[in-house]
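The primary structure of each chain is shown beneath.
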Amino acid sequence: MAEEVRAPLAGNIWSVLVEVGAKVDEEDELLVIEALKMENLVYAPCAGTIKEIRVKKGDKVEEDDVMIVIE
């Protein structure tokens, strides 16, 4: 079953640290969101394979937007 990684807060994507097809473990760093001049790391909620990345560096996201899908 796929797990969606959602934005914990509104901000800008500072960097994406994984690519489609990459294997990740729970708590691996996936991307960095910049909000209020602070960098916020987003971690994998589970182990699996990156199936889809819906954001890229420079994108703006709102709270709860789906950014990455892990299968």
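Below: a short report on this structure. (Residues numbered from 1 in each chain as written. Predicted model: local features only at pLDDT ≥ 70, side-chain atom pairs only at ≥ 80, totals over all residues. Heavy atoms only, no water.)

Let's talk about the overall build of the protein
Basically, it comes down to this: Segments assigned H or I by DSSP are reported as helices when at least four residues long, segments assigned E as strands when at least two residues long, and all are numbered from the N terminus. For this measure, only C-alpha atoms enter the radius of gyration; the expected value for a globule follows 2.2 Å times N^0.38, where N is the number of residues. Values of accessible area rely on a 1.4 Å probe in the Shrake-Rupley scheme; residue burial ignores everything except the protein chains shown. By the counting rule applied here, Lys and Arg register as positive and Asp and Glu as negative, while His and the ends of each chain are not counted. Charge positions are represented by NZ for Lys, CZ for Arg, CG for Asp and CD for Glu.
Looking only at helices and strands, the protein has zero helices and eight strands in total. For the protein, the succession of helices and strands along the chain, N to C, is β-β-β-β-β-β-β-β. Relative to the 2.2 N^0.38 estimate, which gives 11 Å for 71 residues, the radius of gyration of the protein is 11 Å and therefore close to what a compact globule would have. The principal-axis extent of the C-alpha atoms belonging to the protein is close to 30 × 15 × 15 Å. Taken as a whole, the protein presents about 4600 Å² of accessible surface, with 49% of it coming from carbon and sulfur. Side-chain charges of the protein comprise 8 positive and 17 negative groups, with the mean position of each set lying 7 Å from the other.

Observations regarding unusual backbone geometry
Spelled out, the test is: Note on classification: 1.4 Å probe, protein chains only; a residue is buried when its accessible area is under 20% of the maximum for its type, exposed when over 50%, partly exposed between these limits.
Positive phi, normally seen in glycine, also occurs at Leu36, with a value near 55°. You can see Leu36 is positioned in the loop between β4 (29–35) and β5 (38–43). One non-glycine residue, Lys37, adopts positive backbone phi at about 60°. If you trace the backbone, Lys37 turns up in the loop between β4 and β5. Its relative accessible area of 81% is what places Lys37 among the exposed residues.

Looking at the pattern of salt bridges
Applicable threshold: Any carboxyl oxygen of Asp or Glu that lies within 4 Å of a side-chain nitrogen of Lys or Arg is treated as forming a salt bridge with it.
On inspection of all chains with the given rule, the structure shows five salt bridges. Between Arg6 and Glu4 there is a salt bridge, with the nearest N and O atoms lying 2.6 Å from each other. Assessed through its relative accessible area of 36%, Glu4 is described here as partly exposed. We note a salt bridge from Lys56 to Asp59, for which the minimum N-O separation is 3.1 Å. On the basis of relative accessible area, Asp59 is assigned to the partly exposed category, the value being 21%. Among the ionic contacts, a cluster of salt bridges with common partners joins Glu4, Arg6 and Asp64.

Focus: a nonpolar patch on the surface
Stated precisely, the cut-off is as follows: Excluding any residue in a salt bridge, patches collect residues exceeding 30% relative accessible area, merging like charges within 9 Å and nonpolar Val, Leu, Ile, Met, Phe, Trp and Tyr side chains within 5 Å.
Judged by side-chain polarity, Leu17, Leu41 and Tyr43 come together as a nonpolar surface patch covering roughly 250 Å² of accessible area. Tracing the chain through its elements places Leu17 in the loop between β2 (11–16) and β3 (23–24). By relative accessible area, which is 41% here, Leu17 ends up partly exposed.

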